[in-house]
Amino acid sequence: MKLPFHIIQLLKAKSGNDLRLPSDCEFLSLDIESKTGVRIGATTLKRLVGFAQDERTPHASTLDAIARYLGYAHWEQLAQIEDKGNSDFDVFGEEVRSADLQPDAIVEITYLPDRMLRMQYLGNNHYRIVESQNSKLQVGDEVEVQNYVLHHPLLVLNVWRNGESMGQFTAGRVSGLSSVKVL
């Protein structure tokens, strides 16, 4: 049994390990054991993340340990987390749209694990980063953003640093934005 893609993404984010190589499962095994006290063998993890083709269903205790590692009480609770995949109808109860802002408005976002950005709206979907904590975006960077939606990743359409385009940037890729405020 291979774990669903979104749960593998949660494992990558929690462990700080991209799980690109089968040997990365050794590290993940040790990290799970250190956080939960339960040892899940690297071979089992290789099956669960897709490095080994094997359709055997893992023991319930293995799935529960993975759930506890990710901050859930048990596997059934984790398994209820919906994978929205690549498309979905959006519900905009907690959205800030650039088109609704006045120039000089400040938008503050936070996302896991401990990231915070404050951006000054310049108009026409463009912002300047005025404060950055633990983010790859730096004070002075200019970014293009159409909207901010709570619990969804932030898609920055373009980043300019020192006048040079750096391309797209995504923040909160796994768990989305934790908070969105207009100050």
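What comes next concerns the included structure. (Residues numbered from 1 in each chain as written. Predicted model: local features only at pLDDT ≥ 70, side-chain atom pairs only at ≥ 80, totals over all residues. Heavy atoms only, no water.)

1. A look at the overall build of the protein
Along the protein, the regular secondary structure elements total five helices and nine strands. Secondary structure of the protein in N-to-C order comes out as α-α-α-α-α-β-β-β-β-β-β-β-β-β. Reported as C-alpha extents along the three principal axes, the dimensions of the protein are approximately 55 × 35 × 25 Å. As displayed, the protein offers around 10700 Å² of accessible surface, 47% of which is attributable to carbon and sulfur atoms. For the protein, the distance from the average position of its 19 positive side-chain charges to the average position of its 24 negative side-chain charges is 6 Å. (Helix = DSSP H or I, 4+ residues; strand = E, 2+ residues; numbered from the N terminus. Areas by Shrake-Rupley, 256 points an atom, 1.4 Å probe, with all protein chains shown as cover. Lys, Arg positive; Asp, Glu negative; His and termini not counted. Charge placed at Lys NZ, Arg CZ, Asp CG, Glu CD.)

2. A look at the packing of helix 2 (residues 24-36) against helix 3 (residues 42-49)
Relative orientation of the contacting elements helix 2 and helix 3 amounts to 110°, with a least axis distance of 8 Å. The orientation of helix 2 with respect to helix 3, classified from their angle, is roughly perpendicular. Two packed elements cross with a definite hand, and for helix 2 against helix 3 that hand is right-handed. Side by side, helix 2 and helix 3 meet where Cys25, Glu26, Leu28, Ser29 and Ile32 of the first sit next to Ala42, Leu45, Lys46 and Val49 of the second. Of the residues that constitute the contact of helix 2 with helix 3, the class distribution is six nonpolar, one polar and two charged. (Axes fitted to C-alpha atoms, helices over the stretch in contact; angles between N-to-C directions. Parallel < 35°, antiparallel > 145°, perpendicular 65-115°, else oblique. Left-handed = near helix turned anticlockwise from the far one by under 90°. Contact = heavy atoms within 4.5 Å. Nonpolar A, V, L, I, M, F, W, Y, C, P; charged D, E, K, R; others polar.)

3. Re helix 2
Under the 1.5 Å per step criterion, the end-to-end length of helix 2 is 18 Å for 13 residues, consistent within 8% with the ideal 18 Å. Looking at helix 2, one finds that the buried residues are Asp24, Cys25, Leu28, Ser29, Asp31 and Ile32. Considering only its buried residues, helix 2 is in contact with helix 1 (5-15), helix 3 and helix 4 (60-69). Residue Gly37 follows helix 2 closely and has a positive phi angle near 80°. (Expected span 1.5 Å × (residues − 1). Buried < 20%, exposed > 50% of the residue type's maximum accessible area, 1.4 Å probe, protein only.)

4. What to know about helix 3
Here helix 3 lies mainly inside the structure; six of its eight residues are buried. Considered for burial, the residues of helix 3 that qualify are Ala42, Thr44, Leu45, Arg47, Leu48 and Val49. Buried residues along helix 3 sit in contact with helix 1, helix 2 and helix 4. The positive-phi residue at the C-terminal boundary of helix 3 is Gly50, with phi of around 100°.

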